[in-house]
Amino acid sequence: DYLKIFAPATVANVSCGFDSLGFAVDAVGDEMTFTKTAEKGVKITNITGADLTYNIDENAASAVVKKILKDANADFGIALTIHKGFAPGSGLGSSAASAAGAAFGANQLVGNIYSDLELTKFAMFGEEVACGSAIADNVSAAIYGGFVLVRSYDPLEIIKLPVPGELRVVAIHPQIEIKTKDARDVLPIEIPLKDAVTQWANVGGLISGLYTDNYNLISNSLVDIIVEPARKPLIPFFDDVKNAAIKAGALGAGISGSGPTIFALCKGDEIAEKVYKSIKESYQNTGIDFEMFISKIN
Ligand code: HSE
């Protein structure tokens, strides 16, 4: 009747895979607890680590729990605590972690009756509550774990992709906030066919590289010629970080979600450490505070 869970941060988009490719990070995330109550309905008893609303219908986590309790016809309620391990507006799927964690936790207490796909749909509702649009890339990565492809939105289809064993992510989160909506407003509405071809060929290459443990192919395909050029002016010193990462041996680097977090993928712990140091040195003189992490993709 009591459950404590970890809800992971997620990187989604992954370069060329705008709104369609994502992965879960195991070093950073939220902690949430779920307690069955005799009284029906959902309540949030404590939120720490970020200043989020306790309003049941406006908080991504409680809104999802409420929907699941109703859908499952539960004759009990759930009391929720949320400890945010990373900041909203970071590009690391903060609301998605809350929404996906809520869906996972509530499902356990109602008897584990929903599939991962159904949980993703519940969690997308939480994303909509928090950000105004029901994007699936972050929530599906948080629910399924590892690397995922949102193959279709209507009907929703999520493909779990393999993760090569030595793949690591290094990320830097400059302490500024970018709203997803603002980062979507700068995107082009139409793109040249030639650019679309480059982009979807890279998505294919990246996925093929994941299936075949081909780090060179992953590296060559980790490119985004459409979204990154439009968004990078919003992220101070983006090119410096990307260049530092690649010079230190990263497979590639890009914007995590809608930013400002910048991620680099690396092969192996040793290179990841080098990339971490190199990015850190490049950012230390900018005058902008930042946090960093290295993680496996799980
Ligand atoms: N993929 C979204 C974007 C962010 O880049 O705007 C989170 O879903």
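Throughout, residues of each chain are indexed from 1 in the direction in which the sequence is written. Local features in this predicted model are restricted to residues whose pLDDT is 70 or higher, and side-chain atom pairs enter the listing and the counts only when it is 80 or higher, whereas totals over whole chains, interfaces and linings include all residues. No hydrogens and no water enter the side-chain calculation; it runs on all heavy atoms of the structure.

The helix and strand inventory of the chain stands at 10 helices and 10 strands. Just to be clear, the radius of gyration here is over C-alpha atoms, and the globule rule we use is 2.2 Å times residues to the power 0.38. Against the compact-globule benchmark of 19 Å for 298 residues, the chain has a radius of gyration of 19 Å, which places it among compact chains. The classification of residues rests on relative accessible area computed with a 1.4 Å probe and restricted to protein chains. Under 20% of the type maximum is buried, over 50% is exposed, and intermediate values are partly exposed. Going through the 298 residues of the chain one by one, you find that 54% of them count as buried. Just so you have it, the chain exposes about 13,000 Å², and 50% of that area is on carbon and sulfur atoms. Under the scheme used here, helices are H or I runs from DSSP no shorter than 4 residues and strands are E runs no shorter than 2 residues, and both carry numbers assigned from the N terminus. Note on areas: Shrake-Rupley, 1.4 Å probe, and residue coverage restricted to the protein chains presented here.

This part covers the packing of aromatic side chains. Pairing of aromatic rings covers Phe, Tyr and the six-membered ring of Trp, with a centre-to-centre limit of 6.5 Å; geometry is then stacked below 30 degrees between planes, edge-to-face above 60, and tilted otherwise. Enumeration over the complete set of coordinates arrives at 5 aromatic pairs. With a centroid separation of 5.2 Å and an interplanar angle of 50 degrees, the aromatic rings of Phe23 and Phe147 are classed as tilted. Of this pair, Phe23 sits in strand β2 (residues 21-37) while Phe147 is found in strand β5 (residues 147-153), placing the two residues 124 residues apart along the sequence. Across the pair, exposure class does not vary: Phe23 and Phe147 are buried alike. Pairing Tyr283 with Phe290 gives two aromatic rings, centres 5.6 Å apart and planes at 75 degrees, and the pair type is edge-to-face.

Turning our eyes to something else, we now look at the site of the ligand. Nearness is judged by heavy atoms alone; a residue qualifies as near a molecule or strand once a single heavy atom is within 4 Å of it. Surrounding the ligand, one finds Ala12, Asn13, Phe18, Asp19, Ile135, Asp137, Asn138, Thr180, Arg184, Arg231, Gly257 and Ser258. Any N or O atom pair separated by 3.5 Å or less is treated as a polar contact, with the protein-specific requirement of one donor-capable and one acceptor-capable atom, and with residues adjacent in sequence counted only for side-chain atom pairs. Asn13 is positioned with one of its side-chain polar atoms (N or O) 2.6 Å from a nitrogen atom of the ligand. In this structure, a nitrogen atom belonging to the ligand sits 2.7 Å away from a side-chain N or O atom of Asp19. If the ligand stood free it would expose 260 Å²; the protein chains cover 95% of that surface. Secondary-structure elements contributing two or more residues to the shell around the ligand are α4 (137-144) and α5 (180-185). Here the shell around the ligand is built from residues that sort into 3 nonpolar, 5 polar and 4 charged. By the convention adopted, Pro, Cys, Tyr, Trp, Phe, Met, Ile, Leu, Val and Ala count as nonpolar, Lys, Arg, Asp and Glu as charged, and the other residues, Gly among them, as polar.

This part takes up helix α3 (residues 116-131). Over its 16 residues, α3 runs 22 Å from end to end, which matches the ideal 22 Å to within 8%, given 1.5 Å per residue. The complete set of buried residues in α3 reads Leu119, Thr120, Phe122, Ala123, Met124, Gly126 and Glu127. Contact definition: two residues touch when any of their heavy atoms are within 4.5 Å. Those residues of α3 hidden inside the fold are in contact with α1 (60-71), α2 (94-109), α4, β5 and β6 (156-161). One fewer than the residue count of a helix, multiplied by 1.5 Å, yields its expected span.

To continue, consider the pairing of strand β7 (residues 167-174). When you tally the buried positions in β7, you get 8 out of 8 residues, the bulk of the element. Taking every second residue as pointing to the same face, both faces of β7 are buried, with Leu167, Val169, Ala171 and His173 on one and Arg168, Val170, Ile172 and Pro174 on the other. The pairing criterion for strands is at least two bridges between them, as found by DSSP. Here 7 bridges tie β7 to strand β10 (residues 290-296), and the two strands are oriented antiparallel to one another. Paired with His173 across the strands is Glu291, a residue of β10.

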